[in-house]
Amino acid sequence: MPDLIPAAKPLIGDDERAAVDRVLRSGMIAQGPEVAAFEREFAEHFVEGRETVAVNSGTSGLHLGLLACGIGPGDEVIVPSFTFAATGNSVALTGATPVFADIDPITFTLDVSSVEAAITPRTRAIMPVHLYGHPADMVGLHALAERHDLMLFEDAAQAHGAALHGRPVGTFGSFTMFSLYPTKNMTSGEGGMVTAATSEIARSLRLLRNQGMERQYENEIVGFNARMTDLHAAIGRVQLTKVDAWTQKRRENAAYLDAHLVGVITPIVAEGAHHVYHQYTVRIPEDRAGFVKALREEHQVGSGVYYPIPNHRLPSLARYAPGLDLPETESAAREVVSLPVHPSLSHDDLARIVAAVEAVAGAGA
Ligand SMILES: *Cc1c(COP(=O)(O)O)cnc(C)c1O
């Protein structure tokens, strides 16, 4: 039997290991020069030099970003329900209310008219997710935010290097979070990077990250310990030198799948969008569970369902959305399957994925 083709595969090489060893040998492990260098290099690489602040996870990045922008009790922040729970969780953790809007069925990202319908006098901000690596409609959302005097934030956890009409994600929002979790397009082990539109927001992020201190023991505000370590930053710095080639490979893999897959509804890229294919997500309108099982058991092809339960139906978040109906979110949650698209796929793996999908979808699984 052929080996299983995994749905995701973090790539850690000798140079990442050497970088960690270099930091370990230095004896300086906590946040220090590696983190500072990583912040600078990340900013130059992805967000046209916007100020960035490294933290210990993407979730911390969202939480601190919201706090740095003044979000708190009594406020509402409009978010998608079709995302990882960290998006809504981070809003709830500030004491504000996550308000869930529906998605566009083509791009799986926030639908501007659904967001507009969710605006109330308490709404302070909109936080779209660039889901699967496809940029949300930042042009439409920006216009809407301007009209209603709302802030705009970005959850770019899955979208390092994505862009819309040539403008990179991470440069639209008052703040933007990029996750560096192992399965994301690049990793630092665990970690997050937050970009800030102003130096005031950047300073607040740095204070919140480190017990409210800019100068040692002169705590200005109440803050967290959400620091990234130099060990993690050293890994991230090496990954930063490789991520463009990996993204290119993801895009080539996606183009191959687009051209060869039959029997499933393949992803569509919006006009002007630069998709970085964190996931390659198809729709299986009938018997998705059977499709996933047959891919794995009969063809040794792994896949993933992101996300099977809409956030507004999760036990943790449902109380923020009593009686809410989001039809496009529901149908996406029922139908989506992400096929392997990661950069370590060989040509043979891609051909196997295509043959497996054709066999299973053709059999009417
Ligand atoms: C991964 C992810 C997060 C959280 O990032 P962590 O680094 O795992 O804390 C938030 N939002 C989305 C959409 C994600 O995919």
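Note that the structure is predicted; figures quoted are calculated from it, not measured.

Asker: Any chance you could explain the overall build of the protein here in plain terms?
Answerer: Tallying secondary structure elements over the protein gives 12 helices and 13 strands in all. Scaling as 2.2 N^0.38, a compact globule of 365 residues should have a C-alpha radius of gyration of about 21 Å, and the protein matches this with 21 Å. Along the first, second and third principal axes, the C-alpha atoms of the protein reach 65 × 55 × 35 Å. Counting over 365 residues, the protein shows a buried share of 55%. Long-range contacts, defined here as pairs at least 24 residues apart, represent 70% of the contacts in the protein between residues at least 6 apart. For the protein, the computed accessible surface area is about 15100 Å², with 53% contributed by carbon and sulfur atoms. Looking at the protein, you have 29 positive and 43 negative side-chain charges, and the mean spots of the two groups are 5 Å apart.

Asker: Honestly, the sheet that holds strand E2 (residues 76-80) in this entry has me stumped. Any pointers?
Answerer: Where strands meet in a sheet, backbone hydrogen bonds hold them as pairs that are either parallel or antiparallel. The four strands lie next to each other as E3-E2-E4-E5, forming an open sheet whose pairing is parallel. Strands with a single pairing partner mark the edges of an open sheet, and in this sheet they are strand E3 (97-101) and strand E5 (151-152). In this sheet, E3 lies alongside E2 in parallel orientation, the contact comprising five bridges. Bridged to Val77 within E3 is Pro98.

Asker: Whenever I open this one, the UniProt feature "active site" (unreviewed entry) in the protein confuses me. Can you help?
Answerer: Here, UniProt's "active site" (unreviewed entry) annotation points to Lys184. Assignment of secondary structure puts Lys184 in the loop between strand E9 (175-179) and strand E10 (192-196). Since its relative accessible area comes to 15%, Lys184 is described here as buried. For Lys184, the contacting residues outside a window of four places in its chain are Ala157, Gln158, His160, Ser179, Arg250 and His278.

Asker: I would appreciate a short explanation of the site of the ligand in the present structure.
Answerer: The full set close to the ligand counts 16 residues, and Gly58, Thr59, Asp155, Ser179 and Lys184 are the nearest of them. Take Thr59: an N or O atom from its side chain is 2.6 Å from an oxygen atom of the ligand. When the free accessible area of the ligand is taken as 380 Å², the share hidden by the protein chains comes to 94%. Under a 2 Å grid-point criterion requiring more than half of the atoms, the pocket assigned to the ligand is the largest pocket. Of all the secondary-structure elements, those providing two or more residues to the shell around the ligand are helix H3 (58-68), helix H4 (86-93) and E9. The class makeup of the residues in the shell around the ligand is six nonpolar, eight polar and two charged.

Scoring rules and cut-offs
- Residues numbered from 1 in each chain as written.
- Predicted model: local features only at pLDDT ≥ 70, side-chain atom pairs only at ≥ 80, totals over all residues.
- Heavy atoms only, no water.
- Helix = DSSP H or I, 4+ residues; strand = E, 2+ residues; numbered from the N terminus.
- Rg over C-alpha atoms; globule rule 2.2 N^0.38 Å.
- Buried < 20%, exposed > 50% of the residue type's maximum accessible area, 1.4 Å probe, protein only.
- Contact = heavy atoms within 4.5 Å.
- Areas by Shrake-Rupley, 256 points an atom, 1.4 Å probe, with all protein chains shown as cover.
- Lys, Arg positive; Asp, Glu negative; His and termini not counted.
- Charge placed at Lys NZ, Arg CZ, Asp CG, Glu CD.
- Pairing = 2+ DSSP bridges.
- UniProt positions renumbered as here; feature names shortened; annotations may be inferred.
- Near = heavy atom within 4 Å.
- Polar contact = N/O pair within 3.5 Å; in protein donor to acceptor, adjacent residues only side chain to side chain.
- 1 Å grid on protein atoms, 1.4 Å probe; cavity = no way out; pocket = protein on both sides within 12 Å on 5 of 7 lines; lining within 4 Å.
- Sits in = over half its atoms within 2 Å of the grid points.
- Nonpolar A, V, L, I, M, F, W, Y, C, P; charged D, E, K, R; others polar.

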